[in-house]
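These are the residues of each chain, in order.
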Amino acid sequence: MENDPMVSVIMPVYNGQAFIAESIESVLSQSNQGFELLLINDGSTDDTGAICDEYSVKDSRVKVIHKENGGVSSARNLGINLSRGKWVYFSDADDMLLPDCLDTLLNFCNKEEVSMVMAGYEVDNDGEISSTKPHDDSCITAQEGLMKLMIGANGQYQGYLWNKIFRRSIIEKKELRFDEDIYYNEDRLFTFRYLCGTEGVINITSKPVYRYFVRQNGAMSSIDGPKYRRFMTDLTAFGRMAVLAESTGDKKLIDKVNLSLFASYEYNKSLIYRNSNEVAKDIAEIRKEIDGYSVFDRLRYLTLLRGKNALRKVYHLVIKKSE
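Model, not experiment: these values are computed from the prediction.

Trainee: Help me understand unusual backbone geometry in this model?
Mentor: The general pattern is negative phi for most residues beyond glycine and trans for most peptide bonds. Of note, the phi angle at N15 is positive, near 45°, even though the residue is not glycine. Mapped onto the fold, N15 is located in the loop between strand 1 (7-13) and helix 1 (20-28). Phi is positive for N185, which is not a glycine, with a value near 75°. As for its placement among the helices and strands, N185 is situated in the loop between helix 6 (168-173) and helix 7 (186-195). According to the relative accessible area criterion, N185 is buried, its value standing at 9%.

This is the structure we're talking about:
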């Protein structure tokens, strides 16, 4: 439609009263003003919803949707359903967009064949800010982009959503939504599905567009303890990516995804041993993700993870015990 915004910024919010105003302001102060901001209040029990409502009264581009708590994936899915922009951008409610974030991303969407842009970002760890290593801008295929999701680009982790912009027509054509049963790695799984079989190219720049804040109560800080079971869905996400990788026929990509799958398997086992009183039951649950592999496949990938010199140790400590 003629009056539709260029970008739909989708921001799930949950009990974020301490940070939400700053995050919203970082969107409203963008150098490019051609956006709508969809604030999906996912059942907050603090003043987050009221703060969001105040902004919607002041700015017609801000739309607030209140829903029962269902998790970040369900909130993003609702945002996608309601979005009208040509492009979709996802932001978290406790971080900030840099002032020229949308302009930078849209400047790289300069041709119809561009399906996605990957940009740089900053990390703020208690006031100490690090940024993406500078590198030349580049243009790659979607297939090459899949590999970068697994190995990073110039040392930069690429699993995040907020350093990317997605073409909404591709999301709708593929009927893509986030898996609401995945609590970790759901962002990389979504992007992996987006790129699989996607025609067009990806533009990459190291220019930062976003500032990610390391929070003491962030998602990755709560892996140990009662929430460790949710991290087991990281393994499920890699399992689903492994199936997709097989469909591409790309041997290097298949190996890379499978290595990540086995790394997740190993890490989840260590979490279970630290946190569970029902180790055998939980180990059996995570093994479901790798049951399709023979003992030789498992040995091969675990050996690749740990190095050839660890072959004998891997076999006796991991493979033999698990059979």
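Text resumes after the structure shown.
Trainee: Just checking my understanding: could you explain helix 11 (residues 279-287) for this structure?
Mentor: Listed in full, the buried residues belonging to helix 11 are D282, I283, I286 and R287. Axial view of helix 11: buried residues confined to an arc of 140°, hence all on one face. Of the exposed residues in helix 11, the ones pointing more than 90 degrees away from its buried face are A280 and K281.

Trainee: In this structure, what is going on with the packing of aromatic side chains? I would like to understand it.
Mentor: Here the structure, examined in full by the defined rule, presents 18 aromatic pairs. Plain terms: the ring middles of Y157 and Y160 are 4.8 Å apart, the flat faces sit at 85° to each other, and that makes the pair edge-to-face. You can call Y160 partly exposed: its relative accessible area is 22%. Between W162 and Y212 the ring centres are 5.5 Å apart and the planes differ by 20°, which places this aromatic pair in the stacked class. Note that W162 is positioned in the loop between helix 5 (142-151) and strand 9 (164-167) and Y212 in strand 10 (residues 201-213), a separation of 50 residues in sequence. By relative accessible area, W162 is classed as buried at 3%. Three or more aromatic residues joined by ring pairs form one cluster here, namely Y121, Y157, Y160, W162, Y210 and Y212. Against the face of Y55 rests K58, its NZ or CZ located 4.4 Å from the ring centre. Directly above the ring of F178 sits R76, whose terminal nitrogen or CZ lies 5.2 Å from the centroid.

Trainee: How should the nonpolar core be read in this particular structure?
Mentor: Taken as a class, soluble globular proteins show a tendency for nonpolar side chains to be buried jointly. Counting 53 residues, the largest nonpolar core has F90, F190 and F192 as the members making the most contacts within it. If we ignore the near neighbours within four places in the chain, the residues touching F192 are L146, L149, M150, M241, L244, A245, L253 and V257. With 34 residues, the next largest nonpolar core counts C101, L106, Y121 and I165 among its residues.

Trainee: Please clarify how the packing of helix 5 against helix 7 should be interpreted in this entry.
Mentor: When two helices pack together, their arrangement is captured by the angle between the axes and the distance separating the axes. Running from amino to carboxyl end, helix 5 crosses helix 7 at an angle of 165°, the nearest separation of the two axes being 9 Å. Accordingly, the angle class assigned to the pair helix 5 and helix 7 is roughly antiparallel. Between helix 5 and helix 7 the crossing geometry is left-handed. When helix 5 is examined against helix 7, the residues A142, G145, L146, L149 and M150 are found in contact with a partner set consisting of R188, T191, F192 and L195. Broken down by class, the residue content of the contact of helix 5 with helix 7 amounts to 6 nonpolar, 2 polar and 1 charged.

Trainee: Any chance you could explain the environment of R76 here in plain terms?
Mentor: With respect to the secondary-structure elements, R76 resides in helix 3 (residues 72-82). What makes R76 buried here is its relative accessible area of 5%. The residues touching R76, leaving out its near neighbours within four places in the chain, are I10, P12, F90, D92, L161, F178 and E186.

Trainee: What is the right way to look at helix 2 (residues 48-58) in this model?
Mentor: An α-helix turns once per 3.6 residues; consequently, residues spaced three or four apart project the same way. Turning to helix 2, its buried residues are T48, G49, I51, C52 and Y55. What you see down the axis of helix 2 is that its buried residues fit within an arc of 160°, all on one side. Counted as exposed and oriented over 90 degrees from the buried face of helix 2: V57 and K58. Elements in contact with the buried residues of helix 2: strand 1, helix 1, strand 2 (35-42) and strand 3 (62-67).

Trainee: Any chance you could explain the environment of L304 here in plain terms?
Mentor: Position of L304 among the secondary structure elements: in helix 12 (residues 295-306). Put simply, L304 and E186 are 118 residues apart on the chain and 25 Å apart in space, counted from C-alpha to C-alpha.

Trainee: Would you explain the state of the cysteines in this entry?
Mentor: Think of a disulfide as a covalent bridge from one cysteine sulfur atom to another cysteine sulfur atom. Taken as a whole, this structure holds 0 disulfides when the rule is applied. In this model C52 remains outside any disulfide bridge; the closest cysteine sulfur is found in C101, 19 Å from its own. By relative accessible area, C52 is classed as buried at 0%. No disulfide involves C109; its nearest neighbouring cysteine sulfur is the one of C101, lying 11 Å away.

Trainee: What is the right way to look at the pattern of salt bridges in this model?
Mentor: Once the charged atoms of two side chains with opposite charge are near each other, the side chains can pair. Evaluated as defined, the whole model comprises 19 salt bridges. As a salt-bridge pair, E122 and R211 come within 2.8 Å of each other at their nearest N and O atoms. Of the two residues, E122 is situated in strand 6 (residues 114-125) and R211 in strand 10; the sequence distance between them amounts to 89 residues. Under the relative-accessibility criterion, E122 is labelled buried at 14%. Between R229 and D282 there is a salt bridge; the shortest N-O distance is 2.7 Å. Note that R229 is positioned in helix 8 (residues 228-231) and D282 in helix 11, a separation of 53 residues in sequence. Using a relative accessible area of 36% as the deciding quantity, one classes R229 as partly exposed.

Cut-offs used in this document
- Residues numbered from 1 in each chain as written.
- Predicted model: local features only at pLDDT ≥ 70, side-chain atom pairs only at ≥ 80, totals over all residues.
- Heavy atoms only, no water.
- Helix = DSSP H or I, 4+ residues; strand = E, 2+ residues; numbered from the N terminus.
- Buried < 20%, exposed > 50% of the residue type's maximum accessible area, 1.4 Å probe, protein only.
- Arc of directions from axis to C-beta.
- Phe/Tyr/Trp six-rings, centres within 6.5 Å; stacked < 30°, edge-to-face > 60°.
- Lys NZ or Arg CZ within 6 Å of the ring centre and 35° of its normal.
- Core = buried A, V, L, I, M, F, W, Y, C linked by side-chain atoms within 4.5 Å.
- Contact = heavy atoms within 4.5 Å.
- Axes fitted to C-alpha atoms, helices over the stretch in contact; angles between N-to-C directions.
- Parallel < 35°, antiparallel > 145°, perpendicular 65-115°, else oblique.
- Left-handed = near helix turned anticlockwise from the far one by under 90°.
- Nonpolar A, V, L, I, M, F, W, Y, C, P; charged D, E, K, R; others polar.
- Disulfide = S-S within 2.5 Å.
- Salt bridge = Lys/Arg side-chain N within 4 Å of Asp/Glu carboxyl O.

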